[in-house]
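These are the residues of each chain, in order.
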Amino acid sequence: MNGFLLSTLIWLPIVGGIAVMLVGGHRPAMARGVALLVTMVTFLWSLPLFFSFDTTTAVMQFVESRPWVETFNIRYYLGVDGFSAPLILLTSFFGPLVVIAGWRSITKNVNQYMAAFLVMEGLMIGVFSTLDGLLFYIFFEAMLIPMFLVIGIWGGPRRVYATLKFFLYTFLGSVFMLIGLIYLYIQSGSWNILDWHTMPLSLVAQKWLFLGFLAAFSVKIPMFPVHTWLPDAHVEAPTGGSVILAAIMLKIGGYGFIRFSLPITPDASAVLDWLVIALSLIAVVYIGFVALAQQDMKKLIAYSSISHMGFVTLGLFVAFSIYRNTGGVAGAALGVEGAMVQMISHGFISGALFLTVGVLYDRVHSRMIKDYGGVANTMPWFALFAVFFLMANSGLPGTSGFVGEFMVILSSFQANFWFAFLAALTLILGAAYSLWLAKRVIFGAVANRQVENLQDINSREALVLGILAVAILFFGLWPQPLVEMLQVSVDHLLQHIVQSKVM
Amino acid sequence: MNSAQMLLAAPEFWLLVMACVVMVVDLFLGEQRRGIIHMLAMLTLIFAGMITLRGDYLADGVQSVTAFNDSFIRDRLGDVLKVTSFVILGLVFTYSKLYLRNFKMFRADFYTLSLFALLGVMLLISANSLLMIYLGLELISLSVYALVAFDRNSGRGSESAMKYFVLGSMASGMLLYGMSMIYGATGSLVLTDIAEAIRTQGSGDILLIFGLVFVVVGIAFKFGVVPFHMWIPDVYEGAPAAVTLFISSVPKLAAFAMAYRFLSSGLGDLHIHWQGMLSFLALFSIVLGNLAAIMQTNIKRMLAYSTISHMGFVLLGLLPGTAYGFGASMYYVIVYAVMSVASFGMIILLSSRGVEAERLEDFKGLNQRNPFYAVIMVLVMFSMAGAPPMVGFWAKLMVIKAVMDADMMWLAIIAVIFAVVGAFYYLRVIWYMYFEEPENEAIVTAPVDFNAALTVNGMMIIGLGIFSSSLIALCMTSF
């Protein structure tokens, strides 16, 4: 069975999506049912990635490899290690949640909506599981198509602007990566990412490649200053779209750094690490302030996402300074692990926050903070969840939000005190914008008639939010299973990147 | 001339005979039984394909066979391109039948002229001498001039036919002038002899270079690349959609064959000279085509400018002058033809009686009118934009690799940036189809054969993208 595990995870949702599409627009209940079934099966099918995962080795597992386009030596080559397995699990975990979240709020073309999400899920799993450079690019790009349609069809008033911006930004970033990939193929005669890892390259070539990868992944994460598409896309996307965007798609940027930039261009990464660190710190601090000023709940969470993703890039790239300072990689491991934990944790938290906003939006049809106030009085259960998620977002110890940030800050101390100082500002800023949001929306007196008439969350919404709350608490209190999955791969990566591959 | 030589050109003879048969049979058919002409034309294509595919002319290890005093060449490349032309023309006929019926233009002339143009395409594909190239080219051009003016009551049609005729004649003149110089410099009309002469006497002859310039102009006009693109938007817009459908697909295959025969078989040793010329033609086509297309509100014009940029990409593949590069170019042009017929097929589909759906707004809300057709159009548009996993992505990938092989990184970077610029106007079509409300609620329907052809066409676009190895291998082994 393991021989086809990853393929099944990729193609089951895609085929399921096509099936849902064929159900037709006139039977929404059936479309929802089939979509839920497919995502549930996909999630269950992905569990062996956790239970049968060998945490003692950094070699690729669940490998599938067969020729695809022989003329160019392109292979259908899949496999996972400690970096990709958790992200695949995160993706399949969010599948059913997104379907349930769109259960009632989507009424137009339900079959197309569900189909788009299923296809997207398959493609995202494909991104995380492929080890062939071109196949990666194909999944990476193809994923934009369903997202483009989701934002454009079911989005808010400025959806067309937002979705075009989203598509063109990402497309522009990724074509530079494509040139880099073709260059690597011309040099090596192979599309195998693992071959590229070991291939010697001159520093100049590495720098150009690094910049090409940076163009693609910095847009995806997104990093300052190419982040401006994200608030627009988030604000206009339907709830499910925002959830997938924040929880999974942003992680693809971070994953790209781990899979491509660091191991393929280690020397260039070491030389240019200041650039990424500077952009990350700007994201953490400046975007944190920007978040503070937002009037729109979704925009606030979007900026908070950018700020939190700054930790991911910071955690990945402080490794080089630490190595220069200490001559060892032990401290750097903490940073890279922290970045990975932060990605998973941010997936849960941002997904949960967008779902909470979605709950309010479904009832009041406004995302503006000023339209709310005193929601706790009419929706006590909802308030409980919302405050918990906002606490997690500000990095409260005991939630998963704390673990990743703490690891990254701890690690960046060994690189440079000021890195750690600036990064730690987020604990203040994050708390400020998260809790201030809670104060303005959840607490206080009932603001208006609409809030007075709010209905508390129903069992369907409670289920989704409850599952996420449990996950956030679980990884906050006991991150060990996740760290164990990562550890060997992180060590392997660090051993690899501190060795120069300049010819 | 013996019968073995005749046999090599059997597909061409078959087509010649059938084009005449179609013309004559029509005299005996009434208005109601015109369908027979369509069937006859389709059968012509099917049999032409079967005859071409027999391919037993090649003995072991022989790459190509020539006939008629070396002016005609039969090789694998030619066969692949010819069979592709038959398939594409089959789609063209199927789509245009609906159009011709709706617009009360269902006459046999359309089929006769198209078949003659196809014959020209085949001759051009198999040309091995300057004369044969010119013969094929003129046969295509003259048939197409007449086709553009096919709707004789349309002022726009006549105007664009006139424009096309004047510009086309000038381009033919230039080509002929270039040919005469090459003939003067090398003393032969046969491409392989020309190549041999250049090899022995060196490539420094100024006469030869001048000849090359004019030949490149002729090729550039045929492709419709900047700055020889002026006719494309007007002709695409002015001609009936069924004719635009034809012009935008099959003749492009011939243009590629002409470029390959000329530039590789004949003037291969002048590579260093024509590489520079082609790189600028390609650059300007990609830039101008994509920028101008953004501003169009008429979808036929938009696709015309998009064609210009696509042809720029085709030229990119020719730059390195290697077998790989030609393979990449050929793949691109085949893929382009497949995408192009699908897009014009959609225009025909949306055209109601007597009114062409040529405004972008006509695509508004198509998803609500018929989700199936909208999905097909999405595939076509994303494929043209070069988004994976559609087949258009592979085409762009291959030509960009060819440019990088030729060490022109700057050109590759400009090309991909403008591919992103181009994505905008393709996305706009999707935006109109999916994000806007329909202006016209009429249900979109089409006959069974039309739907079948469109489905096959759509499946080709995604299917050749996912199962891409066979077509790539086919193109790569043709050189």
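Residues numbered from 1 in each chain as written. Chains lettered and ligands numbered in written order. Predicted model: local features only at pLDDT ≥ 70, side-chain atom pairs only at ≥ 80, totals over all residues. Heavy atoms only, no water.

Enquirer: With reference to specific residues and values, describe the overall build of chain A.
Expert: The helix and strand inventory of chain A stands at 22 helices and two strands. For chain A, the spread of C-alpha atoms along the three principal axes comes to 70 × 55 × 40 Å. Counting over 503 residues, chain A shows a buried share of 66%. Long-range pairs, those at least 24 residues apart, make up 82% of the contacts in chain A with a sequence separation of at least 6. Of the accessible surface of chain A, which amounts to about 16100 Å², a share of 68% is contributed by carbon and sulfur atoms. Separation of charge centres in chain A, based on 24 positive and 22 negative side chains, amounts to 11 Å. (Helix = DSSP H or I, 4+ residues; strand = E, 2+ residues; numbered from the N terminus. Buried < 20%, exposed > 50% of the residue type's maximum accessible area, 1.4 Å probe, protein only. Contact = heavy atoms within 4.5 Å. Areas by Shrake-Rupley, 256 points an atom, 1.4 Å probe, with all protein chains shown as cover. Lys, Arg positive; Asp, Glu negative; His and termini not counted. Charge placed at Lys NZ, Arg CZ, Asp CG, Glu CD.)

Enquirer: An account of the pattern of salt bridges is needed here, citing residue identities and associated values.
Expert: Overall, the coordinates contain 27 salt bridges over all chains when judged by the stated rule. Linking Glu461(A) and Arg363(A) is a salt bridge whose minimum nitrogen-to-oxygen distance equals 2.9 Å. Of this pair, Glu461(A) sits in helix 21 (residues 459-477) while Arg363(A) sits in helix 15 (residues 330-364), and the two are 98 residues apart along the sequence. Measuring nitrogen to oxygen at the nearest pair gives 2.9 Å for the salt bridge that ties Asp234(B) to Lys163(B). Residue Asp234(B) is located in helix 10 (residues 231-238), and its partner Lys163(B) is located in helix 7 (residues 155-186); the two are separated by 71 residues in the primary sequence. (Salt bridge = Lys/Arg side-chain N within 4 Å of Asp/Glu carboxyl O.)

Enquirer: Let's hear about the environment of Ala48(B): which residues, and what values?
Expert: Looking at the secondary structure, you find Ala48(B) in helix 3 (residues 35-54). For the pair Ala48(B) and Trp14(B), spaced 34 residues apart in sequence, the C-alpha separation works out to 6.8 Å.

Enquirer: Describe in detail helix 17 (residues 380-393) of chain A, supporting the description with residues and values.
Expert: All names here are of chain A. In a regular helix each residue adds 1.5 Å, so 14 residues correspond to 20 Å; helix 17 covers 20 Å between its end C-alpha atoms and thus fits that length. Those residues of helix 17 lying buried are Phe-382, Ala-383, Phe-385, Ala-386, Val-387, Phe-389, Leu-390, Ala-392 and Asn-393. Contact partners of the buried residues in helix 17: helix 14 (297-326), helix 15, helix 16 (375-378), helix 18 (400-415), helix 19 (417-441) and helix 21. Just beyond helix 17, the residue with positive phi is Gly-395, at close to 85 degrees. (Expected span 1.5 Å × (residues − 1).)

Enquirer: Could you give an account of the pairing of strand 2 (residues 72-75) of chain B, naming the residues involved and the relevant values?
Expert: All names here are of chain B. Of the two faces of strand 2, the one carrying Phe-72 and Arg-74 and the one carrying Ile-73 and Asp-75 are both buried. Where strand 1 (residues 64-67) lies against strand 2, four bridges are found, and the strand directions are antiparallel. Residue Thr-66 lies in a different strand from strand 2, and its bridge partner there is Ile-73. Once strand 1 ends, the chain turns through four residues before running back antiparallel as strand 2, passing Phe-68 with a positive phi of about 50 degrees. (Pairing = 2+ DSSP bridges.)

Enquirer: Talk me through the layout of surface pockets; I want residue IDs and the actual numbers.
Expert: Volume-wise, the largest pocket comes out at about 1500 Å³. Considering every element that reaches the lining of the largest pocket, the biggest residue donor is helix 17 (residues 371-385) of chain B, with seven residues. Split into classes, the residues belonging to the lining of the largest pocket amount to 35 nonpolar, ten polar and one charged. Counted as a void, the second largest pocket has a volume near 460 Å³. Phe50(A), Leu89(A), Phe93(A), Phe348(A) and Phe475(A) are the residues nearest the centre of the second largest pocket, which is lined by 18 residues in total. (1 Å grid on protein atoms, 1.4 Å probe; cavity = no way out; pocket = protein on both sides within 12 Å on 5 of 7 lines; lining within 4 Å. Points joined across faces, edges and corners; volume = space filled by probe spheres on them. Nonpolar A, V, L, I, M, F, W, Y, C, P; charged D, E, K, R; others polar.)

Enquirer: Describe in detail unusual backbone geometry, supporting the description with residues and values.
Expert: Only a minority of non-glycine residues have a phi that is not negative, and only a minority of peptide bonds are not trans. The omega torsion across Phe224(A) and Pro225(A) is 0 degrees, close enough to zero to call that bond cis. With respect to the helices, strands and loops of the structure, Pro225(A) is situated in the loop between helix 10 (203-220) and helix 11 (229-236). Here Pro388(B) and Pro389(B) are connected by a cis peptide whose omega angle stands at 5 degrees. Residue position: Pro389(B) is located in the loop between helix 17 and helix 18 (391-405). A positive phi angle is found at Phe62(A), which is not glycine, with a value near 55 degrees. By the secondary structure assignment, Phe62(A) is in strand 1 (residues 61-69). Look at Phe62(A) and you get buried, because its relative accessible area is 9%. The backbone phi angle of Asp70(B) is positive, close to 65 degrees, even though this residue is not glycine. Within the secondary structure layout, Asp70(B) lies in the loop between strand 1 and strand 2.

Enquirer: So what about the interface of chain B and chain A? Which residues, and what values?
Expert: Listed per partner, the contact involves 40 residues of chain B and 35 residues of chain A. Here chain B meets chain A over a buried area of about 3200 Å², counting both sides, of which 86% is carbon and sulfur. Interface area lost by chain B to chain A is led by Pro388(B), Val420(B) and Phe435(B), which between them contribute 20%. If you look at where chain B meets chain A, you find zero salt bridges. Along the contact surface separating chain B from chain A lie four residue pairs in polar contact (both at pLDDT 80 or more). (Buried area = accessible area lost by both parts, 1.4 Å probe. Polar contact = N/O pair within 3.5 Å; in protein donor to acceptor, adjacent residues only side chain to side chain.)

Enquirer: So what's going on with the confidence of the model for chain B? Residues and values would help.
Expert: Confidence in the prediction for chain B averages 90 pLDDT; 98% of positions are at 70 or higher. On the interface metric, ipTM, the complex scores 0.91, and its pTM is 0.93. (pLDDT = per-residue confidence, 0-100.)

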